[in-house]
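Chains, contacts and geometry: an overview
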Amino acid sequence: MEYNFEEIEKKWQEYWRDNKIYHVEVDHDKPKFYVLDMFPYPSGAGLHVGHPLGYIASDIYARYKRLKGFNVLHPMGYDAYGLPAEQYAIQTGTHPAITTEKNINRYREQMDKIGFCYDWDREVRTSDPHYYKWTQWTFLQLFNSYYCNKCKKAQPISQLVDILSKNGTEGLDVACTKPMTFTAAHWNAMSEREQQETLMNYRLAYLADTMVNWCPELGTVLANDEVQDGLSVRGGYPVVRKSMRQWLLRITAYAERLLQGLETLDWTESIKDVQRNWIGKSMGASVFFKVADKDIDFEVFTTRADTLFGVTFMVLAPEHEMIDQLTTDAQRKEVQEYVTWAKNRSERERMSEVKKVSGVFTGSYAVNPFNGTRIPIWISDYVLMGYGTGAIMAVPAHDSRDFAFARHFNLPIIQVVAKPGEEPSDPATWTESFDAKEGVLVNSEFLNGLTVKQAILRMIEELEKLGIGKGKTNYRLRDAIFSRQRYWGEPFPIYYKDGMPYAMDIKHLPLELPSIDAYKPTETGEPPLARAKNWVTEEGYPIETNTMPGFAGSSGYYLRYMDPHNENEYFSKEANDYWQNVDLYIGGAEHATGHLIYSRFWNKFLFDLGIACKDEPFQKMVNQGMIQGRSSLAYRVNKEKMAKVTGQKVNCEGPLFVSKNCKDRELFSDPILVDINIVHNDILDTEAFKAWRDDLKDAQFIYEKDKDGNDVFVCDWLVEKMSKSKFNVQNPDDLVAKYGADTLRLYEMFLGPLEQSKPWDTQGIEGTFRFLKKFWKLYQEISDEPATKEELKVLHKLIKKEEEDIERISFNTVVSAFMICVNELTDMKCNKRAILEPMAIMISPYAPHIAEELWHQMGHNDSVVNQKFPEFDAKNVVENTFLYPVSFNGKKRFDLELPLDMKQDEVQNAVVNAPEAKKWLEGVSIRKVIFIPKKIINIVVG
RNA sequence: GCGGAUGUGGCGUAAUUGGUAGCCGCGCCAGACUUAGGAUCUGGUUCCGUAAGGAGUAUGGGUUCGAGUCCCUUCAUCCGCACCA
């Protein structure tokens, strides 16, 4: 019987669906395992072969765990809100829900063909009101919470109100936007409006005026990770800084926990590093400097308190609020000009001109608290308002940025740290600063002779003694801006009374997205939701018109999968207690600073509320690499150049192309990209090429000869990103149609290690297709005779290899092991049920359709999916002898088969007396014999 | 600039703990079958050399009986961060 994959795959996909084979429920008799793919955004382009890579890997793992006796949760759904559908709506007027639905259906159709074991009964979509009810619900919880630094968790805001009304801010240690001090009496005397405004300083979801990344083209603000080089990641439009009233999430309250939590996670070091970097914890000191001749002071943050005697100037950010007070009349004009210029510079300019030094002197001086030196206060845009206090003490000798600034404006440089083992030198001769935290303090009074580390601690001690500074930890992490001026997102369950936001009652959730007449901002620049009719509460209060950003819906989706149809709760306690968190998360590394940090925050907050039982959402994560395209290139002749090179006139009307290996081709031709579908084995189908594009219909070709003397046109190739514009896209549907889903699944895994990026080679898929045909052939006439020792050995070698390799996410080597095994069994002409039955089970995670078919052909009526993975038994693979490689001076010369129980001297004897050894022992004496049982024999001669 | 990853045949890769470098597959070469082959099967395929043999895992060095693997140097490619005080 032929291997008819088309028929087989259709049959079993229907069987699985009709019999709900992949449906899972909480089952306390089995251990749970949760395997999750990162939430896809269903784009209009559909899937190319790179997308299913991670899905296939997680599918294999899920199926394997199931065979190993686990109750496996393996769901899929859609991150359905997003900009592309909305952009399309703006252009065409099509409701984004319609576009999204269409794209989802296409995704689903493509995924179904690949035979994934998702429990589709658990599908969620972020744009579904049943789902976003809980996104809104979580937002309200955040709005109604504050973060207690003492107990290190979120607490109800009502509790804070209690505290404030009893003690004011006395002894309060909570996360806030800026420190506030007031008494209980003061609090109690506030109007409701004032109280509400004060609470905004503490809520975990709060409204504030902030500088945002405003993208005029998209009409919305963007998160930092949605901006690159001053352009929007989606669309590439310019982004400017602008102050706007926005919702923010106080993720900074969780900075330390987000940092510490990384230690408990089984993620790659590189992703953890990216997150550590993003959180950017730095320990240092805050120091207050008095301003000379004025009764004011200002605060700086430094990690190098030890260098305080090396401070020769101060720098404030152009947005610093004390600039006015500090500017002398003589300097006022210049300062104003500079500040205006700096504020108006776009983010893009600022980034591209990082190296350019600019700044202005305020006219004021700060006073060094230890020696009274007057230190000029400057303003420069190399100091950022958003970090620390927006002011620094500049130590040009030991900070490269300060050094550049000092050199540019001719400011003094004082060395205060000597390099290890070196004497201090004249900074005037330096070409760069010495930034390393190594060395010994000099020119620094009581710090002299201390190492940098000691000096930092000592200085902080002194500062605290004087009451002008203290040790302080800073984080680079910023609160997450949570408002988008967009239509296609979750509405905020917030209404405004006297301009103050109030939370809607939970009973009004979900607050459904209203329909509007156009998907653009209003004429007055308000978000699209301002177009909605009756966008007010029952009492007539206006409802918030911003919507939530993309990461709102994707931050807690893995929790909803545990109990996706629950109408009364986000998810039940029972479901959460059982499924806990994700055991294996597979997806791209590009979400390192977005989704993966927001989800962790979201989860920690729900953990604080006591509704999520685990502090971290994703225990183990694997980041699959990209599949690159293999583009084909045809060389187009530059006729003038060719005439010059060959010395002959080129008579040819249409475009002329030259085969890759023609003589001097590189001298007179340039490559153009060719559709990979008209190139086979790097040979161009010239007729198809002419028909491909109108401008090529008269194309002519200079051929080369193949080995049989035929004219062929050979293309060159190139590895690059897979994209439509490069004509190198491989569509999984086409491959499934040609080879079947099982072949595609195997090939995607066979390509190489999951984490690595690798090019897609269309040719190579033939190999896995041949393998499946060979595999199929083994099963044509099953014999019930007992298996031989050799056959059992082959089987058990494979069992061990597959188990070990799947556990360490090495799927490519398992496919290879299967090929070896099938080659061996084919050579043995093995057709024993005792071998082939377990093999069918073992291949089912990789090639479920063929496995199911063969399983049923062997007379079973139940699904192969529900079987038990065969047990490895070491007794089947024991050997009595070992084929030793025999080396002389580390170079292998021959093999020698020896019993495993041989002693060292017997081995030595056997080797020296082996006929092959003679030649290598002539004229030399044996110095040493290295014998490692079951490994190697090495004879050292000389 | 900082941080991370990677570097092995013509190509994708394998070698899990320092122990036979190149498994498996693609491609290529030769042969068989065939009216035919972008089908199937068999054999070969790191490089140099007829061979014996020699060289060989980006580069140069080191540790070791033995290094793709460990340490140091340099180079290349990719990814992330980037005035974060």
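Residues numbered from 1 in each chain as written. Chains lettered and ligands numbered in written order. Predicted model: local features only at pLDDT ≥ 70, side-chain atom pairs only at ≥ 80, totals over all residues. Heavy atoms only, no water.

What follows concerns the domain arrangement of chain A. By the assigned domains, chain A splits into domain 1 (139-252 + 479-531), domain 2 (282-474), domain 3 (628-720), domain 4 (732-876) and domain 5 (881-941). At the junction of the two partners, domain 3 supplies 4 residues and domain 4 supplies 6 residues. Counting each side, the surface lost to burial between domain 3 and domain 4 is near 440 Å², with a carbon and sulfur contribution of 44%. When the area that domain 3 buries against domain 4 is broken down by residue, the three leading residues are Gln628, Arg630 and Asn681, summing to 81%. Taken together, domain 3 and domain 4 are joined by 0 salt bridges. (Domains from an automatic or database assignment. Contact = heavy atoms within 4.5 Å. Buried area = accessible area lost by both parts, 1.4 Å probe. Salt bridge = Lys/Arg side-chain N within 4 Å of Asp/Glu carboxyl O.)

Of all residues adjacent to RNA strand B, which total 59 residues, the nearest are Thr303, Arg401, Leu751, Arg770 and Lys919. Near the protein, within 4 Å, the atoms of RNA strand B are sugar or phosphate in 64% of cases. Between RNA strand B and Thr303 there is a distance of 2.3 Å, counted from a sugar or linking oxygen to a backbone nitrogen or oxygen. Arg808 is positioned such that a nitrogen or oxygen atom in its side chain is 3.4 Å from a phosphate oxygen of RNA strand B. Among the elements that take part in the surface near RNA strand B, helix α27 (residues 811-827) stands out by supplying 6 residues, more than any other. When the residues that make up the surface near RNA strand B are grouped by side-chain class, the tally is 20 nonpolar, 18 polar and 21 charged. (Near = heavy atom within 4 Å. Polar contact = N/O pair within 3.5 Å; in protein donor to acceptor, adjacent residues only side chain to side chain. Helix = DSSP H or I, 4+ residues; strand = E, 2+ residues; numbered from the N terminus. Nonpolar A, V, L, I, M, F, W, Y, C, P; charged D, E, K, R; others polar.)

What follows concerns the sheet that holds strand β22 (residues 582-587). Strands sit in the order β2-β1-β22-β23 across an open sheet of 4 strands; the sheet is parallel. The open sheet is flanked by β2 (71-73) and β23 (618-623), the only strands paired with a single partner. Recorded for the sheet is a direction-independent mean angle of 20° between the axes of neighbouring strands. Of the strands in this sheet, β1 (32-37), β2 and β22 touch helix α2 (residues 52-67), which is tilted by about 170° from β1. Taken strand by strand, helix α19 (residues 595-609) contacts β22 and β23, and its axis lies near 175° from that of β23. (Pairing = 2+ DSSP bridges. Axes fitted to C-alpha atoms, helices over the stretch in contact; angles between N-to-C directions.)

With that settled, the discussion passes to the pattern of salt bridges. Any two side chains of opposite charge can pair, on the condition that their charged atoms come close. One pass over the full model with this rule turns up 55 salt bridges. Note that Asp162 and Lys166 form a salt bridge whose closest N and O atoms lie 3.9 Å from each other. Residue Asp162 and its partner Lys166 are located together in helix α6 (residues 157-167), separated by 4 residues, close to a single helical turn. Judged by its relative accessible area of 59%, Lys166 falls in the exposed class. A salt bridge links Asp577 to Lys573; its shortest N-O distance comes to 2.8 Å. Of this pair, Asp577 and Lys573 both sit in helix α18 (residues 573-579), 4 residues apart, which is roughly one turn of that helix. (Buried < 20%, exposed > 50% of the residue type's maximum accessible area, 1.4 Å probe, protein only.)

Here the focus is the packing of α2 against helix α24 (residues 741-750). Put simply, α2 and α24 touch, their axes get as near as 10 Å, and they point 100° apart. When the axis of α2 is compared with that of α24, the two are roughly perpendicular. Residue-level contacts link Pro52, Leu53, Ile56, Ala57, Asp59, Ile60 and Arg63 of α2 to Arg745, Glu748 and Met749 of α24. Along the lines of polarity and charge, the residues of the contact of α2 with α24 split into 6 nonpolar, no polar and 4 charged. (Parallel < 35°, antiparallel > 145°, perpendicular 65-115°, else oblique.)

Following the criterion strictly, the structure yields 68 aromatic pairs and no others. Summarising the aromatic geometry, the rings of Phe361 and Trp378 are spaced 5.7 Å apart at their centres and angled 40° between planes, so their arrangement reads as tilted. Here Phe361 is found in strand β13 (residues 360-367), whereas its partner Trp378 is found in strand β14 (residues 374-379), with 17 residues between them in sequence. Here a set of aromatic residues connected by ring pairs shows up, and it is made of Phe139, Phe143, Trp247, Phe482, Phe492, Phe551 and Tyr598. Just above the ring of Tyr206 sits the side chain of Arg250; from NZ or CZ to the centre is 4.0 Å. Geometry around Trp692 places Arg693 over its ring, the cationic atom sitting 4.9 Å from the centre. (Phe/Tyr/Trp six-rings, centres within 6.5 Å; stacked < 30°, edge-to-face > 60°. Lys NZ or Arg CZ within 6 Å of the ring centre and 35° of its normal.)

Right, let's get into the state of the cysteines. Under the counting rule described, the total for this entry stands at 0 disulfides. This cysteine, Cys176, is not joined by any disulfide, and Cys148 carries the nearest cysteine sulfur, 12 Å off. Cys821 takes part in no disulfide bond, and the closest cysteine sulfur to it belongs to Cys830, at a distance of 8.6 Å. (Disulfide = S-S within 2.5 Å.)

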